[in-house]
Amino acid sequence: MKNVVLVGFMGTGKTTVGAALSEALGMTQIDLDEEIVRREGKSIPALFAEQGEAYFRDAESKYLADLLEQGPCILTTGGGVVLRPQNVEVMVQKGLVVALSASEEELIKRLENDTGRPLLAGGVAQRVRTLLAERAGAYDFAPIQIDTTGKSLTAIVEEIKGHLVENEAGGED
């Protein structure tokens, strides 16, 4: 099996789904944001504050490519990883990309008490609406699209597993 890459807006459940999918498939899960923190030796808010978003995005691109070369894994990404075309290209080439989504209302509910996301500073609801508008269509490249709104974790994992089986069967010559 190849890499499975979970993308989607913040709060769609990438990390939670990635952990459950990792367990269900017996594959290693790697969280790109956690890997950036580990390798850079600073939290993401600190990287944004001290180095700026461009520095963070450069590190994100570098580590994304590196991790996808290491072999089959479940890779969970930050919501902004899709903002760079080279990231989209490497994800599509090196893995099967699954885009998770959720309704605006659900995202605001999930994110309203999250203080560790620099891009939400200044008001969660308004920032979510603004970022959703800015990123409209940004996740459409993923061949598998799953709306997590109102679904149990088990149902989401089973839906992804079904797509993976279809993809594996369809990929045989």
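The structure presented is a predicted model; accordingly, all values stated were derived computationally and were not measured.

Cut-off values and rules
- One numbering rule holds for all chains: residues counted from 1, following each sequence as written.
- Per-residue local features of the predicted model are confined to residues with pLDDT of at least 70, and side-chain atom pairs are confined, for both listing and counting, to 80 or more; whole-chain, interface and lining totals are unaffected and use all residues.
- The side-chain figures draw on all heavy atoms in the structure; neither hydrogens nor water molecules are used.
- Only DSSP runs of H or I with at least four residues qualify as helices, and only runs of E with at least two residues qualify as strands; both kinds are numbered from the N terminus onward.
- All radius of gyration figures rest on C-alpha atoms, and the globule criterion is 2.2 Å times the number of residues raised to 0.38.
- By the convention used here, residues are in contact when the closest approach between their heavy atoms is within 4.5 Å.
- Values of accessible area rely on a 1.4 Å probe in the Shrake-Rupley scheme; residue burial ignores everything except the protein chains shown.
- Neither His nor the chain ends contribute to the count of charged residues, in which Lys and Arg are positive and Asp and Glu negative.
- The location of each charge is read from NZ of Lys, CZ of Arg, CG of Asp or CD of Glu.
- Two rings from Phe, Tyr or Trp (for Trp, the six-membered ring) form a pair when their centres are within 6.5 Å of each other. A pair whose planes differ by under 30 degrees is stacked, one over 60 is edge-to-face, and the rest are tilted.
- Type-normalised accessible area, obtained with a 1.4 Å probe on protein chains alone, sets the label of each residue: buried when under 20%, exposed when over 50%, and partly exposed for intermediate values.
- In this description, strands pair whenever DSSP reports at least two bridges between them.
- For helices, the fitted line uses only the C-alpha atoms of the stretch in contact; every axis is such a line through C-alpha atoms, and the angle between N-to-C directions lies from 0 to 180 degrees.
- UniProt positions are given in the numbering used here, feature names are shortened, and annotations may be inferred rather than shown by experiment.
- Cavities and pockets are defined on a 1 Å grid built over the protein atoms alone: a cavity is a set of grid points where a 1.4 Å probe fits but cannot escape, while a pocket is an open set with protein on both sides within 12 Å along at least five of seven lines, and lining residues are those with an atom within 4 Å of any such point.
- The cut-offs work like this: below 35 degrees is roughly parallel, past 145 is roughly antiparallel, 65 to 115 is roughly perpendicular, and the gaps in between are oblique.
- Nonpolar residues are Ala, Val, Leu, Ile, Met, Phe, Trp, Tyr, Cys and Pro. Charged residues are Asp, Glu, Lys and Arg, and all others, Gly as well, are polar.
- By salt bridge we mean one thing: a side-chain nitrogen of Lys or Arg within 4 Å of a carboxyl oxygen of Asp or Glu.
- Grid points are joined across faces, edges and corners, and a volume is the space filled by probe spheres set on the points.

## Considerations on the overall build of the protein
So, step 1. Helix and strand content of the protein: eight helices and five strands.
So, step 2. What you see in the protein, going N to C, is helices and strands ordered as β-α-β-α-α-α-β-α-β-α-α-β-α.
So, step 3. In summary, the protein has a C-alpha radius of gyration of 16 Å against a globular reference of 16 Å for 173 residues, a match within 12%.
So, step 4. Considered along the principal axes of its C-alpha atoms, the protein spans approximately 50 × 35 × 25 Å.
So, step 5. At a minimum sequence separation of 6, the contacts of the protein that also span at least 24 residues come to 73%.
So, step 6. On the protein, roughly 8500 Å² of surface is accessible, and the fraction owed to carbon and sulfur atoms is 49%.
So, step 7. Side-chain charges in the protein split into 17 positive and 27 negative, and the spacing between the mean points of these groups amounts to 4 Å.

## Focus: the packing of aromatic side chains
So, step 1. Tallied over the full model, the rule gives one aromatic pair.
So, step 2. Ring geometry for Phe-48 and Phe-56: centres 5.1 Å apart, planes at 45 degrees, overall tilted.
So, step 3. What makes Phe-56 buried here is its relative accessible area of 4%.

## Regarding the sheet that holds strand β5 (residues 144-147)
So, step 1. Spatially, β2-β3-β1-β4-β5 is the arrangement adopted by the five strands of the open sheet, whose pairing is parallel. Because the sheet does not close on itself, it has two edges, and the strands there are β2 (29-31) and β5. The mean inter-strand angle of the sheet, taken between neighbouring strand axes irrespective of direction, is 25 degrees.
So, step 2. Inspection of the sheet shows strand β1 (residues 3-8) paired to strand β3 (residues 74-76) by three bridges, in the parallel sense. Residue Val-4 lies in a different strand from β3, and its bridge partner there is Ile-74.

## As for the UniProt feature "binding site: substrate" (unreviewed entry) in the protein
So, step 1. Mapped onto this numbering, the UniProt entry annotates "binding site: substrate" (unreviewed entry) at Asp-33, Arg-57, Gly-79 and Arg-135. Of the annotated set named above, Arg-135 line the second largest pocket.
So, step 2. Of note, Asp-33 is situated in helix α2 (residues 32-40).
So, step 3. Judged by its relative accessible area of 8%, Arg-57 is buried.

## Overview of the packing of α2 against helix α4 (residues 53-69)
So, step 1. Running from amino to carboxyl end, α2 crosses α4 at an angle of 105 degrees, the nearest separation of the two axes being 10 Å. Here α2 lies roughly perpendicular to α4, going by the angle between them. Packed against α2, whose contacting residues are Leu-32, Asp-33, Glu-35, Ile-36, Arg-39 and Glu-40, the element α4 presents Tyr-55, Phe-56, Ala-59, Glu-60, Tyr-63, Leu-64, Asp-66 and Leu-67 at the interface.
So, step 2. A breakdown of the residues in the contact of α2 with α4 according to their chemical character gives eight nonpolar, no polar and six charged.

## Looking at the pattern of salt bridges
So, step 1. Under the counting rule described, the total for this entry stands at 13 salt bridges.
So, step 2. If you follow the salt bridges from partner to partner, you end up with Glu-35, Arg-38, Arg-39 and Asp-66 in one network.

## Observations regarding the environment of Gly-80
So, step 1. For Gly-80, the position within the fold is in the loop between β3 and α5 (85-94).
So, step 2. Taking the C-alpha atoms as reference points, Gly-80 and Phe-9, separated by 71 residues in sequence, lie 7.4 Å from one another.
So, step 3. Apart from the residues within four sequence positions on either side, Gly-80 is in contact with Arg-57, Glu-60 and Arg-135.

## Description of the layout of surface pockets
So, step 1. Considering only enclosed or pocket space, the second largest pocket measures out at about 190 Å³ in volume.
So, step 2. Lining the second largest pocket are 16 residues, with Phe-9, Ser-101, Leu-132, Arg-135 and Tyr-139 sitting closest to its centre.
So, step 3. Per-element tally for the lining of the second largest pocket: the top contributor is strand β4 (residues 95-101), with three residues.
So, step 4. For the lining of the second largest pocket, a count of residues per class yields nine nonpolar, five polar and two charged.

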